[in-house]
Amino acid sequence: MDTVSPTGSGSLPAWVTSRWVQAALVVAVLLAGFALVKGQGSFPELPEALQVAPFLDRVYEWVVTHRNTSPLFLYGFNYLSVGLGSAVILINLVLTWLTWPGVVVAGVFTAWRVAGPRVAAFALLTFTTFGLLGLWTEAMTTLALLITSVLLALLVGIPLGVVAGRSDRFDRAIRPVLNFLQIMPAFAYLMPMLLLFGIGNPAAAVATTVYAFPPAVRITSLAIRGVDPGAVEAAVSLGSTRWQTLTKVQLPLARRTIMLGVNQVIMLAVSMVVIASVIGAGGLGDAIYQALNKVNVGRAFEAGLAIVFLAIALDRVTAAAGRERNVPGPDRTGRLPVVAAGVAATAAASVLARLLGVPDWPREWTLSIAGPVNALNAAVQDLVGGLTSALGTLTLDWVLDPLRAVLTDSPWWLVVLAAAALGAVLEGWRTAVVAGLSLLVIGVLGVWDLSMDTLSQVLVAALLTTVVGIAVGIAAARSTVLSRVLRPVLDAMQTLPPFVYLIPAVALFGIGRVPALAAAVIFALPPVIRLVENGIRGVSPAAVEAAVSQGSTRLQLLAKVQLPLARASLRLAVNQGIMMVLAMVVIGALVGAGALGYGVVFGLGQNLLGLGLTSGLAIVCLGVLLDRLTQGAARREG
């Protein structure tokens, strides 16, 4: 006898109404359509007058021609560009004026005061690494751009967050904008900034600021709303004005949470500053970019090591500031003399370095590990190169190429309908419309094949990330020892900028789509593992105990109790994994992954704004499509 649907949908068997069965049917229809009419329905080319890329190329030509005559640029973007460029140069000059000993003393002293002696020692190690590897100048360039961008992001983000925290209407209005900005992969920010500000530090500073400021708004708003209403009510009842309530009550009580936002802004800025090397930001990111272009793994490793140390040091200092740890030194009344002593020590170090004639890090004190790293890489290639090459070929021939063929050779309308059908199945008609429109826009942009290539890489990497992440997350949730071992590893991995993940991937797999896919999987794994582990550990102990008392085995406990009750965390893990994979796959164009990332990079390099911007917009559309499908599935079940 057929099982009656619990949802009351007539006499249909329950499996027929299962969303996952329906989704599988949609995929089956797509495969059947590919088999029957493959290669007969590529997205039609629009008439030249309606094509987006040539129009954008004309816009770019107009901007280049009128950059110094149009009032829009003459009194707008050019002023902003000069101001931002000057700010970066000024900060760089200050760092240069301080000399390297002054920068080291100032940095180590700040780390000691904020986070304690251990972090100060790590800060000293970080500065020493910059110098020893011969990357002091590049590191200071990156630091100057980072300081400028973070200050801008905080100047914009914290006031907006305060307003959002005190006004429900403004919070509702700004939330979709923040959602959109946080969906956009980093690469998509580059082309618009290049159009408005040209190549160089101003474009990089604005791109980094726009990329990094959303967490400042969100977390500041959350912090203001989280202040004890009793404290606010007491201040108001004592006659405090809105400004006094904000400055004397809400901001001080929300300081700890706001510092968490500052930490997030800095870490996002580190990631973007490195990527912005593609539009002329220079610094450590450019060192990696140039090294990867020459497949010089050793040199890329040196710059990557410097970035890793910089990111970890900044993370530890700002995280400690947020935790308000007890730091060494006197109490509040004695802080001023200590700070004055730090300033004096910095000044003394700077003056002494100039008197001794060593304002720059001495060349004699540098060493290169590029040679040994390249030799090690060659040895590893000799040892496992055959295996990684075979694995790469297998992945290309049996997974990536067939999936790309399904997406590019199937009739475009069938792919659009399949995406819309998946949206309808997973959530409803709203998601169906968004999914279908996202792919239609991609087709209108004229980058259909590049987008399907990117989508195939994302789907494969997302599947691998989900399978591995869930397996490791489950193991970590059930083993305290494994969890303790993984914790510092995941902390370090989540601190690293995405650019850095390309280095080991290139060392193992060379250039192409496979190293980009491998880097994407590794980059996206930490949040998936953490969310799965936290979800399973968050299951009610009473539910677990009840299942155990009923005689459930470990497997039954996992399958029947823990995983079902942790569904919300699992869905969020899948969503986060897919979005991070998309961001990394696009960056993989720098190591030969092609597709949309290549469109952005090639457009940047050849001044082809049309190709670059349409590729960037297509990346955004893919981000919206994947986010809505995964979020929709979560909302439907939630």
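Conventions used here
- Residues numbered from 1 in each chain as written.
- Predicted model: local features only at pLDDT ≥ 70, side-chain atom pairs only at ≥ 80, totals over all residues.
- Heavy atoms only, no water.
- Helix = DSSP H or I, 4+ residues; strand = E, 2+ residues; numbered from the N terminus.
- Rg over C-alpha atoms; globule rule 2.2 N^0.38 Å.
- Buried < 20%, exposed > 50% of the residue type's maximum accessible area, 1.4 Å probe, protein only.
- Axes fitted to C-alpha atoms, helices over the stretch in contact; angles between N-to-C directions.
- Parallel < 35°, antiparallel > 145°, perpendicular 65-115°, else oblique.
- Contact = heavy atoms within 4.5 Å.
- Nonpolar A, V, L, I, M, F, W, Y, C, P; charged D, E, K, R; others polar.
- Salt bridge = Lys/Arg side-chain N within 4 Å of Asp/Glu carboxyl O.
- Phe/Tyr/Trp six-rings, centres within 6.5 Å; stacked < 30°, edge-to-face > 60°.
- Left-handed = near helix turned anticlockwise from the far one by under 90°.
- Patch = residues over 30% accessible without salt bridge, like charges linked within 9 Å, V, L, I, M, F, W, Y side chains within 5 Å.
- Areas by Shrake-Rupley, 256 points an atom, 1.4 Å probe, with all protein chains shown as cover.
- Core = buried A, V, L, I, M, F, W, Y, C linked by side-chain atoms within 4.5 Å.
- 1 Å grid on protein atoms, 1.4 Å probe; cavity = no way out; pocket = protein on both sides within 12 Å on 5 of 7 lines; lining within 4 Å.
- Points joined across faces, edges and corners; volume = space filled by probe spheres on them.
- Polar contact = N/O pair within 3.5 Å; in protein donor to acceptor, adjacent residues only side chain to side chain.

*Asks:* Summarise the overall build of the chain; cite the residues concerned and give the values.
*Replies:* Along its length, the chain carries 26 helices and 0 strands. For 638 residues, the compact-globule formula gives about 26 Å, and the C-alpha radius of gyration of the chain, at 27 Å, lands near that figure. Along the first, second and third principal axes, the C-alpha atoms of the chain reach 90 × 60 × 60 Å. Counting every position in the chain, which comprises 638 residues, the buried fraction comes to 49%.

*Asks:* So what's going on with the packing of helix α4 (residues 71–115) against helix α8 (residues 190–197)? Residues and values would help.
*Replies:* Relative to each other, α4 and α8 sit at 120°, their axes nearing to 9 Å. The pairing of α4 with α8 is recorded here as oblique in orientation. Note on element contacts: α8 touches α4 through Leu195, Leu196 and Phe197, opposite Phe73, Phe77, Leu80 and Ser81. Split by residue class, the contact of α4 with α8 holds 6 nonpolar, 1 polar and no charged.

*Asks:* Account for the pattern of salt bridges, with residues named and values stated.
*Replies:* Going through the model one piece at a time under the given rule, you end up with 10 salt bridges. Residue Asp168 pairs with Arg225 through a salt bridge whose shortest N-O separation is 2.8 Å. Linking Asp168 in helix α7 (residues 168–183) with Arg225 in helix α9 (residues 201–225), this pair joins segments that are 57 residues apart in sequence. Of the residues examined, Asp168 reaches a relative accessible area of 46% and is grouped as partly exposed. Residue Arg225 is classed as partly exposed on the basis of its relative accessible area, which comes to 37%. A single salt-bridge network, built from bridges that share partners, covers Asp168, Asp171, Arg175 and Arg225.

*Asks:* Residue-level account of the environment of Ser18, with values.
*Replies:* Mapped onto the elements, Ser18 comes out in the loop between α1 (14–17) and α2 (19–37). The class for Ser18 is partly exposed, based on a relative accessible area of 24%. Sequence spacing of Ser18 and Pro337 is 319 residues, and the spatial spacing of their C-alpha atoms is 69 Å.

*Asks:* Please give an account of the packing of aromatic side chains that cites residues and values.
*Replies:* Two descriptors summarise a pair of aromatic rings, namely the distance from one centre to the other and the angle between the planes of the rings. Going through the model one piece at a time under the given rule, you end up with 12 aromatic pairs. Their ring planes at 15° and their centres at 5.5 Å tell us that Phe122 and Phe309 sit as a pair that is stacked. Of this pair, Phe122 sits in helix α5 (residues 117–132) while Phe309 sits in helix α13 (residues 297–323), and the two are 187 residues apart along the sequence. What makes Phe309 buried here is its relative accessible area of 16%. Put simply, the rings of Trp100, Phe127, Phe130, Trp136, Trp361 and Trp365 touch in pairs and so form one group of aromatic residues.

*Asks:* Please provide a residue-by-residue account of the packing of helix α20 (residues 498–509) against helix α21 (residues 513–537), values included.
*Replies:* Where α20 contacts α21, the two axes come as close as 8 Å, and the packing angle between them is 130°. With respect to α21, the element α20 is oriented oblique. Handedness of the crossing formed by α20 with α21: right-handed. Contact with α20, carried on its side by Pro498, Tyr501, Leu502, Ala505, Val506 and Phe509, involves Val514, Pro515, Ala518, Ala519, Ile522 and Phe523 of α21 and no other residues of that element. For the contact of α20 with α21, a count of residues per class yields 12 nonpolar, no polar and no charged.

*Asks:* I'd like a description of the environment of Arg478, backed by residues and values.
*Replies:* Mapped onto the secondary structure, Arg478 falls in helix α18 (residues 448–478). A residue is classified by how much of its surface remains accessible, and Arg478, at 26% relative accessible area, is partly exposed. Along the primary structure Arg478 and Ala106 are separated by 372 residues, whereas in three dimensions their C-alpha atoms are 45 Å apart. Contacts of Arg478, omitting those with residues within four sequence positions, involve Arg554, Leu557, Leu558 and Gln562.

*Asks:* Tell me what's going on with a nonpolar patch on the surface, and back it up with residues and numbers.
*Replies:* The grouping of Leu391, Leu394, Trp398 and Val399 at the surface amounts to a nonpolar patch, some 430 Å² of accessible area in total. With respect to the element layout, Trp398 can be found in helix α15 (residues 370–409). Look at Trp398 and you get exposed, because its relative accessible area is 66%.

*Asks:* Now, about the nonpolar core: what can you tell me, with residues and values included?
*Replies:* Trp136, Met140, Phe187, Leu439 and Leu590 are the most contacted members of the largest nonpolar core, which totals 166 residues. Look past the residues within four positions of Leu590 in its chain and what remains in contact with it is Phe187, Val278, Tyr289, Asn293, Phe499, Leu502 and Val601. Counting residues in hydrophobic clusters, the runner-up holds 14 residues, among them Ile474, Ala547, Leu557 and Val561.

*Asks:* Any chance you could break down the layout of surface pockets for me, citing the residues and the numbers?
*Replies:* Quantified by volume, the largest pocket comes out at close to 1,700 Å³. Taken together, the elements giving at least two residues each to the lining of the largest pocket come down to α7, α9, α11 (242–275), α13, α19 (480–495), α21, α24 (567–587) and α26 (609–637). When residues of the lining of the largest pocket are assigned to their parent elements, the largest contribution, 9 residues, is made by α11. When the residues that make up the lining of the largest pocket are grouped by side-chain class, the tally is 26 nonpolar, 13 polar and 10 charged. Looking at the second largest pocket, its volume works out to about 1,200 Å³. Along the walls of the second largest pocket sit 36 residues, with Leu422, Leu426, Leu459, Ile578 and Leu629 positioned nearest its centre.

*Asks:* Quick rundown of the side chain of Glu533? Include the residues and the values.
*Replies:* Here Glu533 shows up in helix α21. Polar side-chain contacts of Glu533 include one of 2.6 Å to the side chain of Ser483. When near neighbours in sequence (up to four residues on either side) are disregarded, Glu533 contacts Gly473, Ala476, Ala477 and Ser483.

*Asks:* Residue-level account of unusual backbone geometry, with values.
*Replies:* One non-glycine residue, Thr99, lies in positive phi territory at about 70°. Mapped onto the secondary structure, Thr99 falls in helix α4. For Thr99, a relative accessible area of 1% corresponds to the buried category.

*Asks:* Give a description of the side chain of Asp171 that names residues and reports values.
*Replies:* Within the secondary structure, Asp171 is located in helix α7. Asp171 has contacts with Ala164, Ser221 and Arg225, leaving out every residue within four places of it along the chain.

*Asks:* So what's going on with the environment of Ser540? Which residues, and what values?
*Replies:* Here Ser540 shows up in the loop between α21 and α22 (541–549). You can call Ser540 partly exposed: its relative accessible area is 35%. Along the primary structure Ser540 and Glu48 are separated by 492 residues, whereas in three dimensions their C-alpha atoms are 61 Å apart.

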